[in-house]
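Structural features, examined
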Amino acid sequence: MRIPYRPLAIGLMTLAFSAFVLARAQAGDRHFFAPVTDPVVKEECGSCHLAFAPSMLPARSWQRMMGELDKHFGDNASLDATTAEKIASYLVANAGDAGGQRYSNKLLKGVAPGAAPQRITELPKWVSEHRKVPDWEWRHKEVRTKANCVACHTAAEQGYYEE
Amino acid sequence: MKNILVVTSGIVAMILSTATFAGPREDLLAQYAAAAKTASFSAARGQALHTQNFSGGKPDTPSCTTCHGKDTRGAGRALTGKTIEPVAVSVAPTRHTDPAKVEKWFKRNCTEVLGRECTAQEKGDWLTFVIGQ
């Protein structure tokens, strides 16, 4: 019998890689922000920009944002009421201050209690993490805006934010 | 006589099968045609709508091409930097098959670009244009 080394090796590598990713996720790596898994949220909040990880903002922020989608950063992102409600409850349930999301709290450090910041890119911690990014880089044509996380964090869709 | 019958039923079967195979895009076109009270849409007018610069909408989005690009078979890009898949049906066969999605984006994007909603005629023309692309 011939032993199928290649498939075996590939299988093992895949296994090792998943274990690695899983381990990092479970260790609560500070670079990891669980990505949106709900298909409706992905579709409705991920077509104009990356579907931002719900853990990057507190529940209050999402509640306010979902209440004024017709004035969404200069865009009209309105949805029918049922869909909006569904999305709001997903975002709130997975918000940065919902139970057990220790590491995203780091990103929320410095946010005044009761405040409902609307931009991740204006969180004090986000600003300090990016203070070394030079001006020309923000203006680069592949970046365009601070909210284009994917331009620099190529694995942002998977939830990983490192250089 | 028998031959004619066979031929006729063959034609009927063909018509029936194209009717069943008419997808959501064709249904949408039929709806727009009914709403616009027109029998014809024009890909050329659709293309003109796609590439024209309007002044009624937002200054940073004067045209459909701002986000979807001049080449409908190539990827576009939203102002937020996010890539938008091509809108031409030849390269993106699943495009424009969810009527609710099509309507939602016509409403959003026409308001952005033209400063008003598109008419059924305009929607039909544009859809005809990208179906042929």
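Residues numbered from 1 in each chain as written. Chains lettered and ligands numbered in written order. Predicted model: local features only at pLDDT ≥ 70, side-chain atom pairs only at ≥ 80, totals over all residues. Heavy atoms only, no water.

**Examining the overall build of chain B**
Stated precisely, the cut-off is as follows: Numbered from the N terminus, helices here are DSSP runs of H or I no shorter than four residues, and strands are runs of E no shorter than two. Only protein chains enter the area calculation, which uses a 1.4 Å probe; residues under 20% of their type maximum are buried, those over 50% are exposed, and those in between are partly exposed. The contact rule is simple, with two residues in contact once any of their heavy atoms fall within 4.5 Å.
Counting its secondary structure elements, chain B contains six helices and two strands. Taken from N to C terminus, the helices and strands of chain B fall in the order α-α-α-α-β-β-α-α. Of all 133 residues assigned to chain B, the portion counted as buried reaches 39%. Partitioning the contacts of chain B with sequence separation of at least 6, the portion at a separation of at least 24 is 55%.

**Quick word on the interface of chain A and chain B**
Cut-off, in case you're wondering: Summed over both partners, the accessible surface that disappears when two parts come together, traced with a 1.4 Å probe, is what is meant by buried area. A pair is scored as a salt bridge if a Lys or Arg side-chain nitrogen falls within 4 Å of a carboxyl oxygen belonging to Asp or Glu. Polar contact criterion, stated in full: a pair of N or O atoms within 3.5 Å, where within protein one must be able to donate a hydrogen and the other to accept it, and residues adjacent in sequence count only if both atoms are side-chain atoms.
Taken together, the contact pairs 19 residues of chain A with twelve residues of chain B. Each partner contributes to the roughly 1,200 Å² buried at the junction of chain A and chain B, and carbon and sulfur atoms together form 38% of this total. Our enumeration of links across chain A and chain B arrives at four salt bridges. With a closest N to O distance of 2.9 Å, aspartate 75 of chain A and lysine 58 of chain B form a salt bridge. Taken together, the links from chain A to chain B amount to nine residue pairs in polar contact (both at pLDDT 80 or more).

**Digging into the nonpolar core**
As a reminder, the rule being used: Residues grouped as a nonpolar core are buried Ala, Val, Leu, Ile, Met, Phe, Trp, Tyr and Cys residues, joined through side-chain atoms within 4.5 Å.
Core analysis: the largest hydrophobic core is formed by 33 residues, its most contacted members being Ile120 and Leu123 of chain A. Those elements that place two or more of their residues in this core are α3 (59-67) and α4 (81-93) of chain A. Filtering out sequence-adjacent residues up to four positions away, leucine 123 of chain A remains in contact with Met56, Leu57, Leu107, Leu108, Val111 and Pro117 of chain A. Of all hydrophobic cores here, the second largest spans 20 residues; its members include Ala33, Leu49, Cys110 and Phe129 of chain B.

**Quick notes on the packing of aromatic side chains**
What counts here: Pairing of aromatic rings covers Phe, Tyr and Trp, the last through its six-membered ring, and needs centres within 6.5 Å; plane angles under 30 degrees mean stacked, over 60 mean edge-to-face, and all others mean tilted. Two thresholds decide whether a charge sits over a ring: the Lys NZ or Arg CZ must be within 6 Å of the ring centre and within 35 degrees of the ring normal.
Inspection of the entire model under this criterion finds five aromatic pairs over all chains. Note on tryptophan 126 of chain A and tryptophan 138 of chain A: the rings are 5.8 Å apart at their centroids and 35° apart in plane angle, and the pair reads as tilted. A residue pair is termed long-range when its members are at least 10 positions apart, and tryptophan 126 of chain A in helix α6 (residues 124-129) and tryptophan 138 of chain A in helix α7 (residues 135-139) qualify at twelve residues. What makes tryptophan 126 of chain A buried here is its relative accessible area of 9%. A residue is classified by how much of its surface remains accessible, and tryptophan 138 of chain A, at 17% relative accessible area, is buried. Between tyrosine 32 of chain B and phenylalanine 106 of chain B, the aromatic rings sit 6.2 Å apart at their centres with planes inclined by 75°, giving edge-to-face as the arrangement. Here the residue tyrosine 32 of chain B occupies a position in helix α2 (residues 24-36), and phenylalanine 106 of chain B occupies one in helix α5 (residues 99-114), the gap between them amounting to 74 residues. Phenylalanine 106 of chain B matches tyrosine 32 of chain B in its accessibility class, with the two residues each being buried. By way of ring pairs, the aromatic residues Tyr32, Phe106 and Trp126 of chain B are connected into one cluster. Lying across the ring of tryptophan 138 of chain A, lysine 146 of chain A places its NZ or CZ 5.7 Å from the centre.

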